[in-house]
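What the coordinates show
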Amino acid sequence: MAKAAPEEQLRLLDLQALDSSLNLLLRQATAARGNPAFGSVASRVAEVDAELVRVETELGDLERELTRAEDEVQSVVDRLERDEKRLGSGTGTAKDLTALQHEVESLTKRRSDLEDVELDVMERVEAARSAQAEVRERTDGVRAELAGLEEARDTELADIEERRSQLQAQRDELAATFDAGLLGLYERILARRGVGAARLFHGKSEGSGMQLSPGDLRDISGAAPDDVVLCPDSGCILVRSADSGNQQP
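Below: a short report on this structure. (Residues numbered from 1 in each chain as written. Predicted model: local features only at pLDDT ≥ 70, side-chain atom pairs only at ≥ 80, totals over all residues. Heavy atoms only, no water.)

To characterise two packed helices, one gives the angle between the axes of the helices and the distance between these axes. For the pair helix H2 (residues 36-89) and helix H3 (residues 94-175), interaxial distance at closest approach is 6 Å and the crossing angle is 160°. As summarised for this structure, H2 and H3 are arranged roughly antiparallel, according to the angle between their axes. Where H2 crosses over H3, the two elements pack in a sense that is left-handed. For the contact of H2 with H3, the class distribution of residues is 29 nonpolar, 4 polar and 25 charged. (Axes fitted to C-alpha atoms, helices over the stretch in contact; angles between N-to-C directions. Helix = DSSP H or I, 4+ residues; strand = E, 2+ residues; numbered from the N terminus. Parallel < 35°, antiparallel > 145°, perpendicular 65-115°, else oblique. Left-handed = near helix turned anticlockwise from the far one by under 90°. Nonpolar A, V, L, I, M, F, W, Y, C, P; charged D, E, K, R; others polar.)

Strand pairing in a sheet takes place through backbone hydrogen bonds and is either antiparallel or parallel in direction. What the 5 strands build is an open sheet, ordered S3-S2-S1-S5-S4; its pairing is mixed. Sheet topology places strand S3 (210-211) and strand S4 (229-230) at the edges, where each strand pairs with a single neighbour. Bridge count between strand S1 (residues 197-201) and strand S2 (residues 204-205): 2 bridges; the pairing is antiparallel. What sits directly across from phenylalanine 201, in S2, is lysine 204. The strands that helix H4 (residues 180-193) touches are S1, S4 and strand S5 (237-239); relative to S5, the one it contacts most, it runs at about 115°. (Pairing = 2+ DSSP bridges. Contact = heavy atoms within 4.5 Å.)

Attention now goes to the side chain of aspartate 227. With respect to the secondary-structure elements, aspartate 227 resides in the loop between helix H5 (214-221) and S4. Take aspartate 227: its relative accessible area is 9%, and that puts it in the buried class. One polar contact links the side chain of aspartate 227 to the main-chain amide nitrogen of alanine 224, over a distance of 2.8 Å. (Buried < 20%, exposed > 50% of the residue type's maximum accessible area, 1.4 Å probe, protein only. Polar contact = N/O pair within 3.5 Å; in protein donor to acceptor, adjacent residues only side chain to side chain.)

In structure tokens, the structure reads:
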């Protein structure tokens, strides 16, 4: 059985308190990094990004369609202007001028039809631009929400790290004052069990939260003050004091 002065065993509770605080900070950091709100907002970011790609693709297609419609109208206008100029000059045979007149009438109707198409495409382009602006606004809003979460997380993690650093320094300083054998035993139990040392208080192990059996308490009461005893349930070092209540008839 390992040996350590009762006073040194009692100081293990201070070391355990620091280790418990460090472990709590670790859990808090893990929770901050794994905040489920990140998944929800990130999913919404992906959704609005995909929607933005869709509306921008649609807008690009419509703008190209509008360019084609404008080019077609301009082509007909240019040809119509040439024909009207020739018709106005009166140059050519009567047959040629008659044919030219028919072509002008046909081109005029063609221009009207193309301008109707152009107007329809323009209206769809404007609607697509409005949709793009609306989706961009929502995208910016969701991204701002995500950035806010990230900023809050980073601030929390920085605060946790500052406290962890302070506690770790205190822990290292205190750990250096222990006998190497006792510290090694404590740290091995801590790594394996999650709790390295706990009080025996009124017959109850604070490591397991369980009341010890009369037989276990008799065994513990029979141990020397400098014996390092372990909790039969949790396996941690049981630190005895005047409040242990481990004396059994």
